[in-house]
Amino acid sequence: MNARLSPRMAVVGASPTAEISNKLRVLAAGGADVINLGEGELDFPTPAHVCQAGIEAIRAGDTKYTAVSGTAALKAAIARKFERENGLRYTPSQIIAGTGAKQLIFNAFLATLSEGDEVIVPAPYWVSYPDMIRLAGAQPVILPCRAEDGWKLTVEALAAALTPKTRWVILNSPNNPTGAVYSHAELAALEEVLAGHDTLVMADDIYEHIVHDDSFAAPAAAMPRLFDRVLTINGVSKGYSMTGWRLGYAGGPEWLIRAMDVLQSQSTSNPSTISQAATIAALDGDMSFLADWKRTLLSRRDQVMAAVQTIPGLSAIATPGAFYVFADCAGLFGRKTPAGTVLASDLDVAGYILEAAHVGMVHGSAFGMPGHLRIAYAIDDKRLADALSRVAEALGKLA
Ligand SMILES: Cc1ncc(COP(=O)(O)O)c(C=O)c1O
């Protein structure tokens with residue numbers, strides 16, 4: 001039946017993070033006690049006042065189609081958020097809400113890219129960018145960043161990669177999978193390079209609220225000369241633990257937002273009305289819950305860093321954002337498992353950890369950075385401790 005698929009399907013693969021979760025489900029179904037350190041979502045419940053707003057929306061009959069890009073009330077709440085938290089001023093026609101940030105990123109690429117266009121994707125990158133770019137007919141230009149540079153794009157690397165074909169540059173800060181956060185000064189330096197080029201900039205700020213210092217700056221605000229060509233992507237998935245509500249939003253130039261609105265009108269239409277109402281409560285509401293969440297996450301990060309530093313063959317730099325440690329595992333290459341397999345890649349290491357410790361982690365190649373593992377630590381403290389000691393034990397058995 002494959003013969004019936006469009007050639008378009010040749011450029012896209014299933015999300016590797018979802019694949020790890022599937023493998024773990026199979027192991028769990030066989031009775032194994034599996035621990036998933038591969039999932040990109042917080043283990044905290046959505047705050048009660050946000051859930052309540054969703055329940056009230058259902059009871060009030062707020063259950064019908066709305067404007068494709070979201071209700072006027074939601075857009076007003078998004079505009080208030082942008083101004084209050086980022087110093088960004090967007091009019092309602094410069095704002096769109098969609099079914100998760102993912103859909104908005106996809107629509108932005110689909111609306112702007114054509115054959116021959118290039119998109120600069122600093123690596124390691126969120127797994128979906130390259131496939132989305134290819135699906136839109138363009139070419140991802142992967143720009144590897146280095147741990148020595150804090151996993152951040154340098155001015156020199158960016159300047160060397162820009163070509164007349166560059167249509168977008170992606171800046172994802174805080175970064176998935178490294179947790180790296182670009183400071184205001186670093187963004188200002190990148191602005192200097194980008195000002196001499198007419199590329200669009202995609203600022204994926206979705207992890208904005210999960211930062212353990214005050215280094216976060218929204219690129220659209222830190223690079224004011226580029227404001228007219230920055231698309232700011234955000235949403236409630238990470239900062240409010242609302243991954244399942246599927247609500248993302250974006251602010252950007254009116255011509256682009258209008259085109260994204262058109263695509264959305266012919267595909268998914270408006271995001272769920274229940275989620276729209278809950279998002280207004282989230283954006284306008286009290287955020288004091290976040291301090292507790294961040295305290296918990298910081299202590300888990302330190303727990304993972306301590307383990308990584310004591311396990312021979314693993315190393316990582318500490319970063320202030322998101323809920324991932326991106327560990328170098330190349331020190332394990334050449335070692336032999338008890339079954340006699342020689343570990344030769346990050347995929348081998350992740351596979352061995354999965355089989356021997358029943359702990360799931362995503363291999364760095366999935367993020368365009370072989371030789372690494374992404375350790376997501378947004379799970380219960382005790383389970384995390386169990387997972388880390390199982391990993392240490394399994395890696396201790398390597399010869
Ligand atoms: C960097 C990054 N951008 C966007 C998204 C998509 O978020 P959403 O749940 O709003 O679609 C994710 C989710 O993992 C992400 O890690």
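Counting restarts for each chain: residues are numbered from 1 in the order of the written sequence. In keeping with the model being predicted, local features are shown solely for residues with a pLDDT of at least 70 and side-chain atom pairs are shown and tallied solely at 80 or more, while totals for entire chains, interfaces and linings include all residues.

### Side note on the overall build of the protein chain
Right, so step 1: Put simply, DSSP H or I for four residues or longer makes a helix, DSSP E for two residues or longer makes a strand, and each gets a number counted from the N terminus. Summing up its helical and strand segments, the protein chain has 13 helices and twelve strands in all.
Right, so step 2: In this treatment the radius of gyration is a C-alpha quantity, and the globule benchmark scales as 2.2 Å times the residue count to the 0.38 power. Its C-alpha atoms give the protein chain a radius of gyration of 21 Å, within 12% of the compact-globule value 21 Å for 399 residues.
Right, so step 3: With the C-alpha coordinates of the protein chain rotated into their principal frame, the extents come out at 60 × 55 × 50 Å.
Right, so step 4: Whether a residue is buried, exposed or partly exposed is read from the other C-beta atoms within 10 Å of its own C-beta, which are placed from the backbone; 20 or more gives buried, 12 or fewer gives exposed, and intermediate counts give partly exposed. Buried positions account for 47% of the 399 residues belonging to the protein chain.
Right, so step 5: For the protein chain, the proportion of contacts with a sequence separation of at least 24, taken over those separated by at least 6, is 73%. We call two residues in contact whenever the C-beta atoms placed from their backbones are within 7 Å.

### Some thoughts on unusual backbone geometry
Right, so step 1: The omega angle of the peptide bond from Ala-123 to Pro-124 is 0°, so this bond is cis rather than trans.
Right, so step 2: Looking at the secondary structure, you find Pro-124 in the loop between β3 (118-123) and α5 (128-135).
Right, so step 3: Residue Pro-177 is reached from Asn-176 by a cis peptide bond, and omega for that bond is 25°.
Right, so step 4: Tracing the chain through its elements places Pro-177 in the loop between β5 (166-172) and α7 (184-194).
Right, so step 5: The phi torsion at Trp-151 lies on the positive side, around 65°, for a residue other than glycine.
Right, so step 6: In this structure Trp-151 comes out as buried when scored by C-beta crowding, with 22 C-beta atoms within 10 Å.

### Focus on helix α2 (residues 48-59)
Right, so step 1: Between the first and last C-alpha of α2 there are 16 Å, a value that for twelve residues agrees with the 16 Å anticipated at 1.5 Å per step.
Right, so step 2: Among the residues of α2, Val-50, Ala-53, Gly-54 and Ala-57 are the ones counted as buried. Viewed end-on, α2 has its buried residues packed into an arc of 100°, placing them on one side of the element. The exposed residues of α2 that point more than 90 degrees off its buried face are Ala-48, Gln-52, Ile-55, Ile-58 and Arg-59.
Right, so step 3: Buried residues belonging to α2 abut α10 (273-284).
Right, so step 4: Within two residues after α2, Gly-61 carries a phi angle of roughly 75°, on the positive side. The length a helix should cover is 1.5 Å for every residue beyond the first. Note: the arc covers the axis-to-C-beta directions of the helix.

### Brief notes about the sheet that holds β3
Right, so step 1: The rule for pairing is simple: two strands pair if DSSP sees at least two bridges between them. What the seven strands build is an open sheet, ordered β2-β8-β7-β6-β5-β3-β4; its pairing is mixed. Of all the strands in the sheet, the pair left with one neighbour each is β2 (95-98) and β4 (139-144). If you compare each strand with its neighbour and ignore which way they point, the axes differ by 20° on average.
Right, so step 2: Helix-sheet contacts for α5 involve β3, β4 and β5, and the interaxial angle to β4 is about 155°.
Right, so step 3: Here helix α9 (residues 254-265) sits on the sheet in contact with β2 and β7 (230-235), set at roughly 30° to β2. Between the N-to-C directions of two axes lies an angle of 0 to 180 degrees, each axis being a line fitted to C-alpha atoms and, for a helix, fitted only over the stretch in contact.

### Quick look at the domain arrangement of the protein chain
Right, so step 1: Delimitation of the domains relies on an automatic or database domain assignment. Domain annotation of the protein chain identifies domain 1 (2-45 + 289-396) and domain 2 (48-284).
Right, so step 2: The distance between the C-alpha centroids of domain 1 and domain 2 comes to 26 Å.
Right, so step 3: With four residues, helix α11 (residues 289-310) is the largest single contributor of residues to the side of domain 1 that touches domain 2.

### Concerning the sheet that holds strand β12 (residues 372-376)
Right, so step 1: If you trace the three strands from one edge of the open sheet to the other, you get β9-β12-β11, paired in antiparallel fashion. Single-partner strands in this sheet number two, and they are β9 (324-328) and β11 (362-363).
Right, so step 2: Bridging between β11 and β12 involves two bridges; their strand directions are antiparallel. Pairing of Val-362 across the sheet is with Arg-374, part of β12.

### Structural notes on helix α1 (residues 16-29)
Right, so step 1: Helix length check: α1 (14 residues) gives 20 Å between terminal C-alpha atoms against 20 Å at 1.5 Å per residue, within 8%.
Right, so step 2: Among all positions of α1, only Thr-17, Ile-20 and Leu-24 are buried. Considered in projection along α1, the buried side chains sweep an arc of 60° and stay on one side of the axis. Of the residues in α1, the exposed ones pointing more than 90 degrees away from the buried face are Ala-18, Asn-22, Val-26 and Ala-29.
Right, so step 3: Considering only its buried residues, α1 is in contact with β1 (35-36), β10 (359-360) and β11.

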